Amino acid sequence: MNLEAFILGCGGMMPLPNRHLTSVLLRREGELFLFDGGEGTQVSLRKLNLRWKKISVIFISHTHADHVTGLPGLLMLSSQVDREEPLYIIGPPRIAEYIESSRRVLDMYINYEIVVKEITSPGVVYEGEGYRVRAFPLRHTKPCYGYTLEEEGRPGEFHPEKAAEMGVPRGPLWSRLQSGETVETPEGVLVKPTDVLGPPRSGRKFSFVTDTLAFPEIAREVEGSDFFVCEGMFEKDLEESAREKKHMTAEQAARIARDAKVRKLALIHYSPRYNEYNLKGLLKEAEAIFPDTILSRDRMVYPIEYID
Ligand SMILES: [Zn+2]
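Residues numbered from 1 in each chain as written. Predicted model: local features only at pLDDT ≥ 70, side-chain atom pairs only at ≥ 80, totals over all residues. Heavy atoms only, no water.

Looking at this model, I keep getting lost on unusual backbone geometry. Mind explaining?
With the exception of glycine, the majority of residues adopt a negative phi angle, and the majority of peptide bonds are in the trans configuration. For N49, which is not a glycine, the phi torsion comes out positive at approximately 60 degrees. Residue placement: N49 occurs in the loop between α1 (41-47) and β4 (55-59). The phi dihedral of H269 falls on the positive side, at around 60 degrees, and the residue is not glycine. Residue position: H269 is located in the loop between β14 (265-268) and α11 (279-289). (Helix = DSSP H or I, 4+ residues; strand = E, 2+ residues; numbered from the N terminus.)

Put into structure tokens, the structure is as follows:
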């Protein structure tokens, strides 16, 4: 099953000529999820040829302009789209008011249902077939949430030679065993999935954390992520000022990635003070702590693979 992250925008505060504001799209086997929607979200969606119509849920970290001003345009664009399923928008308090007032003032005639859910308590905020999304509180200048999308574990690897040995003929019985059912062979022998499958394998985990102070609980929430997108807004010289603004440095993001034993850290939400050249300074500081770090770039695509 494919799982890919598309960075639609990687900037913080204000857009730059080559950098839209923070937005990440996750595609899981044809289903799309959007995490934040800053200015430029639509432009990147178009450039990447991604189908807006397939977005099931939009998760919003907080209601600051650089994370939500792409939404009205996105919803407007979608007003003519024919879709059956509702669109969910999940986020902090006042997200409903923002969506509602935008729809009213901008005269948006949207021909499908939009369900806005304000998070009242952290935990699982959305689940679908084989995955769940958790929200957890961050520490910013207003209510802000981080998110993880975690897949359920998968059954172990199927060993056809064991199935053959036990007299299970190739065909539908094999698939039933692989999906966890006990089957009976033509000779009347009961074969359990554990007889023919290896140990259970883990699913994948994606995490999205931006606009927050660094604090230890973040590592617990994002633990073991295969792809961890995290704010790395400033270099370490500016740690004091980052703290005052309730943001974090690239180095602090790397410490969280290390403590949480993630597989890959992608920095995001860069301060506009960093241009293409000196962004490398952020990367260097993060890599010194956690080598498996990359810089997000607009329209970068990252396939999230299974480990086993
Ligand atoms: Zn921001």
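Next, the rest of the story.
How should I be thinking about the coordination of the zinc ion in this particular structure?
Angles at a metal have ideal values that depend on geometry: 109.5 degrees with four tetrahedral donors, 90 or 180 degrees with six octahedral donors. Protein-derived ligands of the zinc ion are D66 (OD), H67 (NE2), D211 (OD) and H269 (NE2), with the metal-ligand distances lying across 2.1 to 2.2 Å. One can describe the donor arrangement at the zinc ion as irregular, given that its 4 donor atoms subtend angles of 85 to 163 degrees at the metal. For D66, a relative accessible area of 8% gives the class buried. Judged by its relative accessible area of 0%, H269 falls in the buried class. (Donors = N, O, S within 2.8 Å, 3.2 Å for Na, K, Ca; no water. Tetrahedral: all angles 85-135°; square planar, octahedral: opposite > 155°, others 65-115°. Buried < 20%, exposed > 50% of the residue type's maximum accessible area, 1.4 Å probe, protein only.)

What should I look at first to understand the pairing of strand β9 (residues 145-151) in this one?
Counting buried residues along β9, 6 of its 7 residues qualify, which places the element largely inside the surrounding structure. Relative to β9, strand β8 (residues 131-137) runs antiparallel, the two sharing 7 bridges. Looking across to β9, one finds that R132 is bridged to E150. (Pairing = 2+ DSSP bridges.)

Looking at this structure, I do not really get the environment of T141. What am I missing?
The residue T141 is located in the loop between β8 and β9 in this model. For T141, a relative accessible area of 51% puts it in the exposed group. Taking the C-alpha atoms as reference points, T141 and H64, 77 residues apart in sequence, are found 9.7 Å from one another. Apart from residues no more than four positions distant in its own chain, T141 is found in contact with H64, K245 and K246. (Contact = heavy atoms within 4.5 Å.)

Help me understand the nonpolar core in this model?
A general trend in soluble globular proteins is that nonpolar side chains are found buried together. In terms of nonpolar packing, the biggest core is built from 61 residues, with F59 and F206 touching the most fellow members. It is helix α10 (residues 250-259) that provides the largest number of residues to this core, a total of 5 residues. Among all residues touching F59, those that are not within four sequence positions of it are F33, L34, F35, D36, I90, V125, Y126, V133 and Y147. Grouped together as the second largest cluster of nonpolar side chains are 24 residues, L25, L45, I58 and I95 included. (Core = buried A, V, L, I, M, F, W, Y, C linked by side-chain atoms within 4.5 Å.)

What is the right way to look at the pattern of salt bridges in this model?
If charged atoms from side chains of opposite charge come close, those side chains can pair. Under the definition given, this model contains 16 salt bridges. A salt bridge links E151 to R204; the nearest nitrogen and oxygen atoms lie 2.9 Å apart. Of the two residues, E151 is situated in strand β9 and R204 in the loop between α7 (193-196) and β12 (205-209); the sequence distance between them amounts to 53 residues. Across the pair, exposure class does not vary: E151 and R204 are buried alike. The partner of D226 in a salt bridge is R263, with the nearest N and O atoms 2.6 Å apart. Within this pair, whereas D226 is found in the loop between α8 (217-222) and β13 (227-231), its partner R263 is found in the loop between α10 and β14, the two being separated by 37 residues in sequence. Overlapping salt bridges bring together R19, E276 and R297 as one network. (Salt bridge = Lys/Arg side-chain N within 4 Å of Asp/Glu carboxyl O.)

Worth remembering: the numbers are spatial, not functional.
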